[in-house]
Amino acid sequence: MPTSTRPDLLLPAEPGQRALARELYALVARLPIISPHGHVDPALLAEDQPFPDPSQLLIVPDHYVTRMLFSQGVLPAELGVPTRDGTAVETDGRRIWRRFAEHWHLFRGTPSRLWLEQTLTGVFDVETRLTPRTADEVYDALSAKLAEPDFRPRSLFERFNIEVLATTESPLDDLGRHAKLAADGWGGPGGRVVTTFRPDNVVDLDFDDWSANVDRLGEIAGEDTGTYAGYLAALRSRRAAFIAAGATSSDHGHPTARTLDLGADAVTLFDRARRGAAQPGDAEAFRAHMLLEFARMSLDDGLVMQLHPGAVRNHNRWLHARHGRDVGGDIPQVTEYVHALAPLLDAYGNDPRLRVVLYTLDEDTFTRELAPLAGGYAALLLGAPWWFLDSPEVLRRFRETVTETAGFYNTAGFVDDTRAFCSIPVRHDVARRIDAGFLARLVAEHRLGMDEAAETIVDLAYRLPKQVFKFGESS
Ligand SMILES: [Zn+2]
């Protein structure tokens, strides 16, 4: 959904390159959206109920927004962020919206400002500029739209021109929402809404409830997860169930990129952890080992592996204690890939049947580590800049720093990785505009013909993500 009011948004300022970029962007502006990785709640699309008030839609679940306000003294509870112990928080959507509008200036220069502005104008047709004085006017206009049938989730999905959207579920999820979507003709293999296999809560010993989760995994899969062999069998069986629900990939969110083959020691470590006697280092070793196990499973069942390392979870302990996980308290750390991935790459890196999409929160690794790795191993592809890096400036730097070593075709296309359903169109639009600007420069510098740039931008926006994530292959 390109913006009508700012046609040259994010395109190069230099007139010659801008003209080229406009031509390239026009080729992809209206292409369908492929969204292979994100965190939209599948219940939203399965139930297709109207969204609640504008604040519950746009502010409360968006930790990019609430963390910025928190950094300037507005407490999450004042913004309606739920508490772990059930302590009351603000529930009045209008009051939350007013607080947000009073602090709107804090978002100047940030991608959140761009996403929200483009969501208001592009999705809701609200052109009034947000200020503390217009807060009520904007809130009322948004509320009125949300009451219309055209603003229900499935209608928006159609309007956003999403061809396929992957959500993310744990192996403990019964996939009931995806079954409902499949029954309604929206899900299942090759469907418009599919799931992703995200096993962190049954792999990572640092999760408080790891052992209970592994028990539950055994119950759901009908396997004895008291033994390591039964645990692997249960994981295989849940992957099969996910594939039957349309999954084409798995996702692994680890603190580091470390991989390791423990061999027979895996059994000893697993047994120790199940007895509650894990030793220091066991959690990291087991996570690392399981990436090799999952690579082996991928060779059998074809799931694409996504690896998302580098976040120090719950760094803000006050925030975690009061409000739990995924509320803006995570911080990126230095991430090393070359040595960390060596065991996995030694075993399977040259096998083109394996497909590993690598992400980073550490942009220092783009040129030094990630581009050379993806440019040298058949199994590796680079995922789009992620989370703290999913901004116009870093999307641009990503192309500038990886293309000369990895080319365009060792990258996997854009992922929005978002919980905010209404921000999906603008996030993809931003990536397409940045790619148009980058390719326009290559054309202006006589490094690429316009015909090649035109083919490349369509590949980046549409063909590559579809092919890399195997959409349209299943039946
Ligand atoms: Zn994610």
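Residues numbered from 1 in each chain as written. Predicted model: local features only at pLDDT ≥ 70, side-chain atom pairs only at ≥ 80, totals over all residues. Heavy atoms only, no water.

S.K.: For this particular structure, what's the right way to read the packing of aromatic side chains?
M.R.: This structure, assessed with the given rule, holds 26 aromatic pairs. A ring pair is formed by Trp97 and Tyr139, whose centres lie 6.2 Å apart and whose planes are at 50°; its orientation type is tilted. Of this pair, Trp97 sits in helix 5 (residues 93-102) while Tyr139 is found in helix 7 (residues 135-146), placing the two residues 42 residues apart along the sequence. The exposure class assigned to Trp97 is buried, which follows from its relative accessible area of 1%. Residue classification places Tyr139 among the buried positions, given a relative accessible area of 7%. Note on Phe197 and Phe242: the rings are 5.2 Å apart at their centroids and 85° apart in plane angle, and the pair reads as edge-to-face. Of this pair, Phe197 sits in the loop between strand 3 (193-194) and helix 10 (200-203) while Phe242 sits in helix 12 (residues 228-244), and the two are 45 residues apart along the sequence. A relative accessible area of 0% means that Phe242 is categorised as buried. Joined through ring pairs, the aromatic side chains of Trp97, Phe100, Trp104, Phe107 and Tyr139 make up one cluster. The positively charged end of Arg427 is found above the aromatic ring belonging to Tyr64, 5.4 Å away from the centroid. (Phe/Tyr/Trp six-rings, centres within 6.5 Å; stacked < 30°, edge-to-face > 60°. Helix = DSSP H or I, 4+ residues; strand = E, 2+ residues; numbered from the N terminus. Buried < 20%, exposed > 50% of the residue type's maximum accessible area, 1.4 Å probe, protein only. Lys NZ or Arg CZ within 6 Å of the ring centre and 35° of its normal.)

S.K.: Can you walk me through the pattern of salt bridges in this structure?
M.R.: Side chains bearing opposite charge may pair, as long as their charged atoms lie close to each other. Evaluated as defined, the whole model comprises 39 salt bridges. Taken together, the shared-partner salt bridges in this structure form one network comprising Glu400, Glu404, Arg441, Glu445 and Arg447. (Salt bridge = Lys/Arg side-chain N within 4 Å of Asp/Glu carboxyl O.)

S.K.: Looking at this structure, I do not really get the nonpolar core. What am I missing?
M.R.: In globular proteins that are soluble, nonpolar side chains generally tend to be buried together. Ranked by size, the top nonpolar core spans 59 residues in total, and within it Tyr231, Leu235, Phe286, Met290 and Leu341 carry the most contacts. The element best represented in this core is helix 14 (residues 282-301), accounting for 10 residues. Excluding its chain neighbours within four sequence positions, the residues that come into contact with Met290 are Val203, Tyr228, Tyr231, Leu232 and Leu235. The next biggest cluster of nonpolar side chains, apart from the first, holds 49 residues, and it includes Ala311, Trp387, Ala412 and Val415. (Core = buried A, V, L, I, M, F, W, Y, C linked by side-chain atoms within 4.5 Å. Contact = heavy atoms within 4.5 Å.)

S.K.: Could you clarify how one ought to interpret the coordination of the zinc ion in this entry?
M.R.: Around a metal, the idealised angle for a tetrahedral arrangement of four donor atoms is 109.5 degrees; for an octahedral arrangement of six donor atoms it is 90 or 180 degrees. Within the first shell, the zinc ion binds the protein through His37 (NE2), His39 (NE2) and Asp417 (OD), at distances of 2.1 Å. When the donors of the zinc ion are listed by position in the chain, the intervening gaps give H-x1-H-x377-D. With His37 in the loop between strand 1 (33-35) and helix 2 (42-47) and Asp417 in the loop between helix 18 (392-406) and helix 19 (424-444), this residue pair connects regions lying 380 residues apart in the sequence. (Donors = N, O, S within 2.8 Å, 3.2 Å for Na, K, Ca; no water.)

S.K.: Just checking my understanding: could you explain the domain arrangement of the chain for this structure?
M.R.: Size of an interface, as often reported, equals the accessible area lost when the parts are brought together. You can read the domains of the chain as domain 1 (15-50 + 151-469) and domain 2 (51-150). On a C-alpha basis, the centres of domain 1 and domain 2 stand 27 Å from each other. With 35 residues of domain 1 at the contact, the number on the domain 2 side is 29 residues. For the pair domain 1 and domain 2, the summed buried area comes to about 2,700 Å², and 64% of that belongs to carbon and sulfur atoms. Contact with domain 2 buries surface across domain 1, with Phe151, His323 and Cys422 losing the most and accounting together for 28% of the total. The interface formed by domain 1 and domain 2 holds zero salt bridges in total. In this assembly, domain 1 and domain 2 are joined by 12 residue pairs in polar contact (both at pLDDT 80 or more). Every element with two or more residues in the side of domain 1 that touches domain 2 is listed here: helix 8 (153-159), helix 15 (317-323) and helix 19. By residue number, the principal contributor to the side of domain 1 that touches domain 2 is helix 15, which donates six residues. (Domains from an automatic or database assignment. Buried area = accessible area lost by both parts, 1.4 Å probe. Polar contact = N/O pair within 3.5 Å; in protein donor to acceptor, adjacent residues only side chain to side chain.)

S.K.: Help me understand the environment of Tyr377, please; the structure alone is not making it clear to me.
M.R.: On the secondary structure map, Tyr377 appears in the loop between helix 17 (365-374) and strand 9 (380-382). A sequence separation of 85 residues divides Tyr377 from Tyr462, and the C-alpha atoms of the two residues are 23 Å apart. Excluding its chain neighbours within four sequence positions, the residues that come into contact with Tyr377 are Leu345, Gly349 and Asn350.

S.K.: Help me understand the sheet that holds strand 8 (residues 356-358) in this model?
M.R.: Strand pairing in a sheet relies on backbone hydrogen bonds. The paired strands run either parallel or antiparallel. Overall, parallel pairing links the four strands, which are arranged 4-5-8-9 in an open sheet. Only two strands of the sheet have a single neighbouring strand rather than two, namely strand 4 (249-252) and strand 9. Along the sheet, successive strands turn relative to each other by an average axial angle of 25°, direction set aside. The pairing of strand 5 (residues 304-307) with strand 8 spans three bridges and is parallel. When the sheet's bridge partners are listed, Gln306 is paired in strand 8 with Val357. (Pairing = 2+ DSSP bridges. Axes fitted to C-alpha atoms, helices over the stretch in contact; angles between N-to-C directions.)

S.K.: Looking at this model, I keep getting lost on the sheet that holds strand 3. Mind explaining?
M.R.: An order of 1-2-3 is seen for the three strands of this open sheet, with the pairing classed as parallel. Of all strands in the sheet, those with a lone pairing partner are strand 1 and strand 3, marking the two edges. Bridge analysis of strand 1 against strand 2 (residues 162-166) gives three bridges, and the strand direction is parallel. Along strand 2, the bridge assignment pairs Ile33 with Ile162. Where helix 19 meets the sheet, it contacts strand 1 and strand 2, and its direction lies at approximately 105° from that of strand 1.

S.K.: Even after reading the chapter, I still don't get the packing of helix 5 against helix 7, so can you show me in this structure?
M.R.: Geometry of a packed helix pair, given as the angle between the helix axes and the separation of the axes. One way to put it is that helix 5 packs onto helix 7 with a least axis distance of 9 Å and a crossing angle of 130°. Relative to helix 7, helix 5 is oriented oblique. Viewed along their axes, helix 5 and helix 7 form a crossing whose handedness is right-handed. Where helix 5 approaches helix 7, its residues Gly93, Arg94, Trp97, Arg98 and Ala101 are matched on the opposing element by Ala135, Asp136, Val138, Tyr139, Asp140 and Leu142. (Parallel < 35°, antiparallel > 145°, perpendicular 65-115°, else oblique. Left-handed = near helix turned anticlockwise from the far one by under 90°.)

S.K.: Looking at this model, I keep getting lost on the layout of surface pockets. Mind explaining?
M.R.: Where empty space is left in the structure can be found by rolling a water-sized probe over the atoms. In this structure, the second largest pocket spans a volume of roughly 350 Å³. Lining the second largest pocket are 20 residues, with Trp104, Arg113, Glu117, Arg129 and Leu130 positioned closest to its centre. For the lining of the second largest pocket, the elements supplying multiple residues, two or more each, are helix 5 and helix 6 (111-123). Of all the elements, helix 6 adds the most residues to the lining of the second largest pocket, at five residues. Classifying every residue of the lining of the second largest pocket by side-chain character gives six nonpolar, seven polar and seven charged. (1 Å grid on protein atoms, 1.4 Å probe; cavity = no way out; pocket = protein on both sides within 12 Å on 5 of 7 lines; lining within 4 Å. Points joined across faces, edges and corners; volume = space filled by probe spheres on them. Nonpolar A, V, L, I, M, F, W, Y, C, P; charged D, E, K, R; others polar.)

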